[in-house]
Structure formats: structure tokens, C-alpha cells
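Coordinate analysis (summary)
As a plain string of letters, each chain reads:
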Amino acid sequence: MHNVKRNRQTPEALAEKKQREKSKIDEYLALTDDVLSRNKKQEWGDNAFELTQRLLQINPEFYTVWNYRRNILLNGIFPQSTPEQINNLLSSELSMTTTALKANPKVYWIWNHRRWCLENVPDGPERSGVPSMEWRQANWDKELFVAERMLDADARNFHAWNYRRYVLANMPTRRPETSELAYTSRKIGANFSNFSAWHQRSKTLVGLWESGQLDPIQSRDDEFELVSNALYTDPDDQSAWIYHRWLIGSGENKAQLEREIQLISELLQEQPDSKCERLRWLISQLLIILQGVWSHWSTISDFCSKIAPRIPKP
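Just so it is clear, the model here is predicted, and its values are computed rather than measured. (Residues numbered from 1 in each chain as written. Predicted model: local features only at pLDDT ≥ 70, side-chain atom pairs only at ≥ 80, totals over all residues. Heavy atoms only, no water.)

1. Digging into the side chain of Gln200
Relative to the helices and strands, Gln200 is located in helix H9 (residues 195-210). Only 2.6 Å separates the side chain of Gln200 from the side chain of Arg165, close enough to count as a polar contact. Those residues in contact with Gln200, other than ones at most four positions away along the chain, are Trp161, Arg164, Arg165, Leu168, Glu180 and Thr184. (Helix = DSSP H or I, 4+ residues; strand = E, 2+ residues; numbered from the N terminus. Polar contact = N/O pair within 3.5 Å; in protein donor to acceptor, adjacent residues only side chain to side chain. Contact = heavy atoms within 4.5 Å.)

2. Points about the environment of Ala240
By secondary structure assignment, the location of Ala240 is in helix H11 (residues 238-248). Given the relative accessible area of 1%, Ala240 is considered buried. Separated by 52 residues in the primary sequence, Ala240 and Ile188 have C-alpha atoms spaced 9.7 Å apart. Not counting residues up to four positions away in its chain, the partners in contact with Ala240 are Trp198, Val227, Ala230 and Leu231. (Buried < 20%, exposed > 50% of the residue type's maximum accessible area, 1.4 Å probe, protein only.)

3. Overview of the packing of helix H4 (residues 83-103) against helix H6 (residues 134-153)
It is the contact of H4 with H6, at a shortest axis distance of 12 Å, that shows an interaxial angle of 0 degrees. Regarding the angle of H4 to H6, the classification is roughly parallel. In contact with Pro83, Glu84, Asn87, Ser91, Leu94, Ser95 and Leu101 of H4, H6 contributes Trp135, Asn139, Lys142, Glu143 and Met150. Broken down by class, the residue content of the contact of H4 with H6 amounts to five nonpolar, four polar and three charged. (Axes fitted to C-alpha atoms, helices over the stretch in contact; angles between N-to-C directions. Parallel < 35°, antiparallel > 145°, perpendicular 65-115°, else oblique. Nonpolar A, V, L, I, M, F, W, Y, C, P; charged D, E, K, R; others polar.)

4. Let's talk about the pattern of salt bridges
Here the idea is simple: oppositely charged side chains can pair when their charged atoms come close. Per the counting criterion, the structure on display carries 14 salt bridges. Two residues, Lys22 and Asp26, come together in a salt bridge whose shortest N-O distance is 2.9 Å. Of this pair, Lys22 and Asp26 are both found in helix H1 (residues 11-40), four residues apart, which corresponds to roughly one turn of the helix. Classification of Lys22 by relative accessible area gives partly exposed; the value is 46%. You can call Asp26 partly exposed: its relative accessible area is 37%. Salt bridges sharing partners connect three or more residues here, namely Glu148, Arg164, Arg175 and Glu180. (Salt bridge = Lys/Arg side-chain N within 4 Å of Asp/Glu carboxyl O.)

Structural data, given as C-alpha cells:
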């Protein structure tokens, strides 16, 4: 960094630093050899379990060790445990991986291990001879909270968004899909550039349309209004343009198309020299739709003839 005085290290200090680094590497390699050797011998004991945790704390991307850790649980620890003990063990695993995610939020294997833990949580203590589902429900509810906290820390973490979709789809008691629509509204309102939130919104809307919970025509109009606000706020941002293109679809709705033509015309008038890649891309996509589906419509013909020559060149 500029204007920062560098302290020169003596040869002795540099030698000590290199020795410390070498000691850490040697320790890691020895631990790796020990764990892999135990895995090959199919050792399923507590000592091996503790060693996998030590190794994963150093290298959380070591998927072979994650697999070994699960095999220890399945083949060595679970068979000797009560359902309540298994629930407690898996809760500890989830806590351990929560700590790991704070330092490594985009390591796939940590998220994968959490999925496995959730899928192996026992239902819960029996009530009148029937499993209560208390343990399972409590863990899944907590997991949605964890996903939300991870997205609060990084709203664009696609691992966290994928995991959130997984949790919502597999919770013992499903949440209404409209609540997810409200969640994406908050995330988009906080940052129009959040592509993952727009993507999640599109998936949520499709589910609501297919289930008949939302009218596709009316709700699509509402979505066009939402995305138009984003486009006027930042016409150079690609996230809103991609969502806008998704809303247009194959262009069956003539009234919606006419309104969007007006929107694009206004944007071009406001920014005649725009170099916005997404604006140029969307116009080209619109021209393909319009010429293919509504070429006989005079408004479309006028738009195509007037706008096509004005599409900014790369």
C-alpha cells in the first residue's frame, strides 16, 4: 500500500516464519494421511470422527473427508445411539457447519453436508404412539433462518439462494408461496441489481400461476410495473433486463407488448446515445418476437421500422 512504511524483517525472522509455515504444512499432510488411512480401513470410531473435524476445519473443501464423516455417523455412531441422541448429534453437525459457512459461505460441500443432516433428522418423540415430527420441524425451521442470515450477509450468494429453495421445498410444514414473493420483494427493494432475487421471484411466480393462486395476466402487469421502476432507476443493470425479457415470454399478450414498446421508446429518448448492452439486447429480442408474432400489426411495423436503425451498435 502507498505511504505505508514497511518493516524490514531480519534473516532470522524470515527463517522462523518459513519454519512455522513448513510446520503447518507438515502437520496438515500428516493429518490428511492419517484420516485417509483410517477411511481406507473403514474405521468408524469416535477418534476418527474427531480427526475429520480437525481436518475439515483446515480444508472445508475436502469432499472425501465429508463423505468419510457421514459414513462414520451411519456405520459407527448412529447404530449405537437412540433417536434423541441422533437428533442431538445432527444438531451439533449443523452448528459446526454454521461456523464453517461464516468463514467459507460459498463452499458447496458444507451446504451439501447440511442437506444430509436435515434429511437424517429423526421425526421426534412419539405422542400417543405417533411420531410428533417435533425434531424434524424444529431443525427445518431453524435452517430457513440460517439461510436468511446468510443472504443478509451476502444477498447474491447463489449457494444460499439454492439452499433456500431446497429448504422451502422440503420443509415438513410448507410455507405459503406468497410469503416467498414478499421476501423477494424486500430483497429486490434493497438492491435492484440482485439477480438471484429476481430469479427466485420468477420461480415463485411460476409456482403460484400453476397452482392458480395468482392470476397470470394481472400479476404479470404488476411485475412489469416493478421491473420498470428498476429499469428507470438503472437502465444499465442487466438483472432487471433479464427479468423483463422473461416476463415478455413469447409475446402472446398484445396489450403488454404495446406498453413495453412505449417503455423502451421512452428509455431510448431519454438516452439516445446509450451504450447499455442489455437495452440493445432486449430491443433485438423484441424485434424477433414482434416480427414473428405481430408483424401484421401496424404499431409493430412502425416500431420495427423506426427502432431497428437506432439500436446502438457495439
